[in-house]
Amino acid sequence: MIKKFHIFANGDETSAQIVQEVRSKMVAAGAEFSEDEKKADLIFCIGGDGALLRLLRQYDFPEAPIVGINTGHLGFFQEITVDGIDELIRMLAHGDYHIQENSALSAEICTESETKQITAINEIVIRGEGERLMHLDMSIGKNYISRFSGDGILICTPAGSTAYNYSLGGVIVDPEVDMLQITPIAPVNNSAYRSFTSGIIVPTNKTIEILPAKAEDRFVVVIEDGRIVARDDVKKVTVGVAGRKAKIVRFSSYNFWSKVKDKIL
Ligand code: NAP
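*Asks:* Residues and numbers for the pairing of strand β11 (residues 152-156), please.
*Replies:* A regular strand carries its side chains on alternate faces of the sheet. In terms of burial, β11 is largely enclosed, as 5 of its 5 residues are buried. The alternating pattern of β11 places Gly152, Leu154 and Cys156 on one face and Ile153 and Ile155 on the opposite face, and all of these are buried. Examined bridge by bridge, strand β8 (residues 123-128) and β11 share 5 bridges and lie antiparallel to one another. For Ile124, the partnering residue across the bridge sits in β11 and is Ile155. Two strands pair when backbone bridges link them, and β11 and strand β12 (residues 180-185) are joined in this way by 5 bridges, in the antiparallel orientation. Bridge assignment links Cys156 to a residue of β12, and that residue is Gln181.

*Asks:* With reference to specific residues and values, describe the sheet that holds β11.
*Replies:* Strand pairs in the sheet, formed through backbone hydrogen bonds, run parallel or antiparallel to each other. The 6 strands are arranged β13-β12-β11-β8-β15-β16 in an open sheet whose pairing can be described as antiparallel. Pairing within the sheet leaves two strands with one partner each, and these edge strands are β13 (200-202) and β16 (227-231). For this sheet, the mean angle separating the axes of adjacent strands, direction not counted, is 20°.

*Asks:* Outline the environment of Gly84, supporting the account with residue identities and numerical values.
*Replies:* With respect to the secondary-structure elements, Gly84 resides in the loop between β5 (80-81) and α3 (85-93). Residue Gly84 is classed as buried on the basis of its relative accessible area, which comes to 17%. Through-space distance from the C-alpha of Gly84 to that of Tyr164 is 29 Å; in sequence the pair is 80 residues apart.

What counts and how
- Residues numbered from 1 in each chain as written.
- Predicted model: local features only at pLDDT ≥ 70, side-chain atom pairs only at ≥ 80, totals over all residues.
- Heavy atoms only, no water.
- Buried < 20%, exposed > 50% of the residue type's maximum accessible area, 1.4 Å probe, protein only.
- Helix = DSSP H or I, 4+ residues; strand = E, 2+ residues; numbered from the N terminus.
- Pairing = 2+ DSSP bridges.
- Axes fitted to C-alpha atoms, helices over the stretch in contact; angles between N-to-C directions.

Right, here's the structure in full:
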């Protein structure tokens, strides 16, 4: 039984109406609204996938599970659409759901002036900012693998495999598989440069280290779920699986591959 709930929404008008509807229906069902997400047993996320990414960032991967109501454009993460709210509340009341735990990525970024830690649910991208070709040295689990020349390197979770990774030709991964995927962005292969061209799959107990090959390659940007978190003077980026997970409510009707068929393919 959900005793306290919190609501997070994107800023659009439809979402604002859904916030009111969910809040009044949950209160009528006997639950209490909490302004503080840390005190809630459940967080409603109203919007699209972008809203979920912002929720995870703003609330720092909350302990409470999240249920997504799609008012966004794609809504791949989101569990239901706005016409399913009554059914959603009924299933919540009956405990008729399970929690899907999605692994996140953590990255340590060392720049000339600081070291910072970030967490991403979709991907971390290390890429050039301007028109120049980037040269990056990559190691997996402390083993030097190769120098990469191209636009950049993306590292994603299974949950992020359907986002930017898929547009780059990366593979779609069932969230039940625990792994990290490394995907090259516009790799260069000619008599001057050799770069890996396929995706690389690594187990979750390995870390991936990316170092700009030369001083001029330090002008890279590091992007966490679509948001630039570091630029210039990047000396090293180390990516691995984060301790925290995104906990998402799924009903018995949830099927990852049906979602892929309906929304991605
Ligand atoms: P945005 O640029 O406004 O939207 C990106 C699109 O990706 C939206 O349609 C969003 O769905 C969808 N999306 C987000 N996570 C997804 C996932 N795990 N699987 C399938 N689709 C997903 O930015 P945003 O909404 O803040 O999302 C940031 C994400 O955009 C990044 O994490 C990156 O993966 C993706 N991106 C993709 C490309 C590309 O494909 N060429 C380029 C840059 C960034 P909603 O419409 O429901 O919000």
